[in-house]
Amino acid sequence: MTSSRHAGVGMTSQRTRLRMVERLRRQGIRDEVVLAAIGEVPRHIFVDEALASRAYEDISLPLGFGQTISSPYIVARMTELARGGNALGKVLEIGTGCGYQTAVLARLAKEVYSVERLAPLLARARRHLRDVRAINARLRHGDGLLGMPEVAPFDAVLLAAAATHVPAALLEQLTVGGRMILPMAISHEQRLCVIERTAQGYTERKMDQVKFVPLLRGVE
Ligand code: SAH
């Protein structure tokens, strides 16, 4: 831990992270398991070095390739909704991006599988996740719309990009009682949706208004 990225300089210290956790609590995040996980993951490692000083502000940051890193509040909120107060076994994430949400999930789920369509982003996420020793996170280069049927079923499926319809293949990969958390583009806005698989079928709840990049097909 000698590189400057890991040094305990003010902005990257545990104290700064705990201030972020306090802010998330004030913003309405209630799940203490989620807050503890967020308090443990050094977010500055996941962002561009030039932006590291802003890593703990509640803003989304550019990731390159026209993509953005979700704000800490959105990561916390999606994780809280995915848990629904219960421990998570297997989790699938679509849109690894920088790997920060993956790292948070890895601290509270048994296994995390994350699919990213952009190869250069995935390579970077792999490095970041190695740096934070997220050994229970497995990354895959592919089109997340297909999910990972060979690993399914999942207790939770999280999408980090906005869908115009609910991806059918992903619904089928949920356990009964499992939840899909996804931003849905509905007319001119996006809403965070929670779809739960029940013994009878699926239920859907619409939550916070959000702003995500679009979910795209195929790989690059
Ligand atoms: N949680 C991530 C968000 C990254 S932005 C972070 O905080 O860094 C959304 C990501 O979804 C982008 O990296 C984009 O390339 C990816 N994406 C979009 N459509 C996808 C698809 N069909 N399969 C896999 N990844 C996809």
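To be clear, the structure that these remarks concern was listed above.
Residues numbered from 1 in each chain as written. Predicted model: local features only at pLDDT ≥ 70, side-chain atom pairs only at ≥ 80, totals over all residues. Heavy atoms only, no water.

**Q** Explain the side chain of Q101 to me, please; I cannot follow it from the model alone.
**A** Within the element layout of this structure, Q101 appears in helix α4 (residues 100-108). Ignoring sequence-local partners within four residues, the contact set of Q101 consists of V75, M78, T79, E93 and L158. (Helix = DSSP H or I, 4+ residues; strand = E, 2+ residues; numbered from the N terminus. Contact = heavy atoms within 4.5 Å.)

**Q** What is the right way to look at the nonpolar core in this model?
**A** Judged by nonpolar contacts, the single largest core of 54 residues is most densely connected at L24, I38, F46, Y100, L158, I181 and L192. Looking at which element gives the most residues to this core, the answer is helix α3 (residues 72-83), with seven residues. Ignoring any residue separated from it by four or fewer positions in sequence, one finds I38 in contact with R17, M20, V21, L24, P72, A76, Y100 and V104. (Core = buried A, V, L, I, M, F, W, Y, C linked by side-chain atoms within 4.5 Å. Buried < 20%, exposed > 50% of the residue type's maximum accessible area, 1.4 Å probe, protein only.)

**Q** Is there a simple way to think about the site of the ligand in this case?
**A** Close to the ligand lie 24 residues; C98, E116, D143, G144 and L216 are nearest. A distance of 3.0 Å is found between an oxygen atom of the ligand and a backbone nitrogen or oxygen belonging to C98. Measuring from a nitrogen atom of the ligand, one finds a backbone N or O atom of R117 at 3.3 Å. Protein chains shield 99% of the accessible area of the ligand, which is 580 Å² for the free molecule. The class makeup of the residues in the shell around the ligand is 12 nonpolar, nine polar and three charged. (Near = heavy atom within 4 Å. Polar contact = N/O pair within 3.5 Å; in protein donor to acceptor, adjacent residues only side chain to side chain. Areas by Shrake-Rupley, 256 points an atom, 1.4 Å probe, with all protein chains shown as cover. Nonpolar A, V, L, I, M, F, W, Y, C, P; charged D, E, K, R; others polar.)

**Q** How do you make sense of α3 when you look at a structure like this?
**A** Helical geometry: 3.6 residues make up each α-helical turn, so side chains three or four residues apart lie on a common side. Here α3 spans 16 Å end to end across 12 residues, near enough to the 16 Å set by a 1.5 Å rise per residue. Across the 12 residues that make up α3, a large majority, 12, are buried. Within α3 the residues assigned to the buried category are P72, Y73, I74, V75, A76, R77, M78, T79, E80, L81, A82 and R83. The first or second residue beyond α3 is G84, which carries a positive phi of 50 degrees. (Expected span 1.5 Å × (residues − 1).)

**Q** I would appreciate a short explanation of the pattern of salt bridges in the present structure.
**A** Between side chains of opposite charge, pairing is possible as soon as their charged atoms come close. Summed over all chains, the structure comprises 12 salt bridges. Between R191 and E189 there is a salt bridge, and its shortest N-O distance comes to 3.5 Å. The class of R191 is partly exposed, set by a relative accessible area of 23%. Here E189 falls in the partly exposed class, since its relative accessible area comes to 30%. (Salt bridge = Lys/Arg side-chain N within 4 Å of Asp/Glu carboxyl O.)

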